[in-house]
Amino acid sequence: MSKRTPIIAGNWKMNLNYTESVHLVQGLYWQLRDATYDYNAGEVLVIPPFVDIRSVQVLVESDELPIKYGAQDISTHDSGAYTGEVSGSMIKALGASYVLVGHSERRQYHAEDCPDILIGKIKQALKNELTPIFCVGENLEIREAGTYKEHILKQVSDVLQVFSGKEIANFVIAYEPIWAIGTGKTATAADAQEIAFEIRKLILEKSGDEVADSVRIQYGGSAKSSNAADIMAGADVDGLLVGGASLEAEEFSKIVRIATKA
Ligand code: PGA
């Protein structure tokens, strides 16, 4: 585990309505409280669908829960005639602190694979003081062809090139091999460390060691309590982006505790 503050995030995707979201966050808090979890050991973050965020906000603020939350997407626009879109200022107004950008499901099903769109979304995040969790990763074909490193580093550099070191220092980057998402197949701890190391090296070359040292890099793809310790052992792996296993309070709280050793 690294010296950076670990960040364990639950990406709920299109699951749970607003009542269910309250139950899950409450359950997560209770599980962690019963285990006397020390929130200094790592950030705990949930990423619900947009329509749940207000309910999560009310719960977190009224009960002063030390759990953070974010959004799964953000518009590239400030406001206006963009039916179905949600702006950064709307997300910020809900007290959210993070936003996913470039998740492979958005890239694949919503044509958001192009650097310009991803850059636009990250710009909106920064403008609204939201931390982007910028996701990258290769599909099975690319993994098997052996060109995954180049592919991932291009995804990172195509987007990062327009941002300053000062901006990048606060980014979270999530390495999510697409072949491991929702499939039960996890990358090995060595795979996760290999890519986290390469991404950090790229940032070091671009922006220097101080920036490279402060960027947090998560692994995502079938992360669960049984593999969390292994994956987090990598020196450059600073957290987990958890999908399926974050929908259950007991399992997600276990992942949080194992991944942060608290
Ligand atoms: P998974 O999803 O943990 O269900 O594989 C991870 C993600 O897509 O963020």
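Residues numbered from 1 in each chain as written. Predicted model: local features only at pLDDT ≥ 70, side-chain atom pairs only at ≥ 80, totals over all residues. Heavy atoms only, no water.

**Quick look at the side chain of S75**
Note that S75 resides in the loop between β3 (68-71) and α3 (88-93). Given a relative accessible area of 3%, S75 falls into the buried group. For S75, the side chain forms a polar contact with the side chain of E85, separated by 3.3 Å. Discounting chain neighbours no more than four positions away, the residues touching S75 are E85, V86, S87 and Q124. (Helix = DSSP H or I, 4+ residues; strand = E, 2+ residues; numbered from the N terminus. Buried < 20%, exposed > 50% of the residue type's maximum accessible area, 1.4 Å probe, protein only. Polar contact = N/O pair within 3.5 Å; in protein donor to acceptor, adjacent residues only side chain to side chain. Contact = heavy atoms within 4.5 Å.)

**As for the site of the ligand**
Among the 13 residues in the neighbourhood of the ligand, the closest are listed as K13, H103, E176, G182 and S222. Between the ligand and E176 there is a distance of 2.7 Å, counted from an oxygen atom to a side-chain nitrogen or oxygen. Here the ligand occupies the second largest pocket. Residues of the shell around the ligand, tallied by class, amount to 4 nonpolar, 7 polar and 2 charged. (Near = heavy atom within 4 Å. 1 Å grid on protein atoms, 1.4 Å probe; cavity = no way out; pocket = protein on both sides within 12 Å on 5 of 7 lines; lining within 4 Å. Sits in = over half its atoms within 2 Å of the grid points. Nonpolar A, V, L, I, M, F, W, Y, C, P; charged D, E, K, R; others polar.)

**Some words on helix α2 (residues 50-62)**
Taking 1.5 Å per residue as the helical rise, α2 with its 13 residues ought to reach 18 Å, and the 19 Å between its terminal C-alpha atoms agrees with that figure. Every buried residue of α2 is listed here: D52, I53, S55, V56, Q57, L59 and V60. Those residues of α2 hidden inside the fold are in contact with α1 (18-34), β2 (43-47), β3 and α3. Once α2 ends, the next one or two residues include E64, with phi positive near 50°. (Expected span 1.5 Å × (residues − 1).)

**Some words on the nonpolar core**
Generally speaking, nonpolar side chains in soluble globular proteins are found buried as a group. Formed by 71 residues in total, the largest nonpolar core has its most connected members in V25, L160, I199, I203, Y219 and L240. Among residues more than four places away in sequence, those in contact with L160 are F134, I168, F171, I173, I203 and K206. If you look at the next biggest cluster of nonpolar residues, it comprises 11 residues, including A9, Y98, L100 and C135. (Core = buried A, V, L, I, M, F, W, Y, C linked by side-chain atoms within 4.5 Å.)

**Observations regarding the packing of helix α7 (residues 148-160) against helix α9 (residues 189-207)**
Following both chains from N to C, one finds α7 and α9 inclined at 40°, their axes separated by 10 Å at the closest point. Between α7 and α9, the interaxial angle falls into the category oblique. Classified by chirality, the crossing of α9 by α7 is right-handed. Between α7, through Y148, K149, I152, L153, V156, S157 and L160, and α9, the contact on the second element is made entirely by E194, I195, E198, I199, L202, I203 and K206. Class assignment for the residues of the contact of α7 with α9 results in 9 nonpolar, 1 polar and 4 charged. (Axes fitted to C-alpha atoms, helices over the stretch in contact; angles between N-to-C directions. Parallel < 35°, antiparallel > 145°, perpendicular 65-115°, else oblique. Left-handed = near helix turned anticlockwise from the far one by under 90°.)

**Here's the deal with the packing of aromatic side chains**
Describing an aromatic ring pair means giving the distance of the ring centres and the angle of the ring planes. Scanning all chains against the criterion turns up 3 aromatic pairs. Arranged with centres 5.6 Å apart and planes meeting at 65°, the rings of F163 and F171 form a pair that is edge-to-face. The class of F163 is buried, set by a relative accessible area of 3%. The exposure class of F171 is buried, given its relative accessible area of 1%. Ring centres of Y175 and Y219 lie 6.3 Å apart, and the angle between their planes is 65°; on these two criteria the pair is classed as edge-to-face. In this pair, Y175 sits in strand β6 (residues 172-175) while Y219 sits in strand β7 (residues 216-220), placing the two residues 44 residues apart along the sequence. Across the ring face of Y148, the terminal group of R143 is positioned such that the distance to the ring centre comes to 3.7 Å. (Phe/Tyr/Trp six-rings, centres within 6.5 Å; stacked < 30°, edge-to-face > 60°. Lys NZ or Arg CZ within 6 Å of the ring centre and 35° of its normal.)

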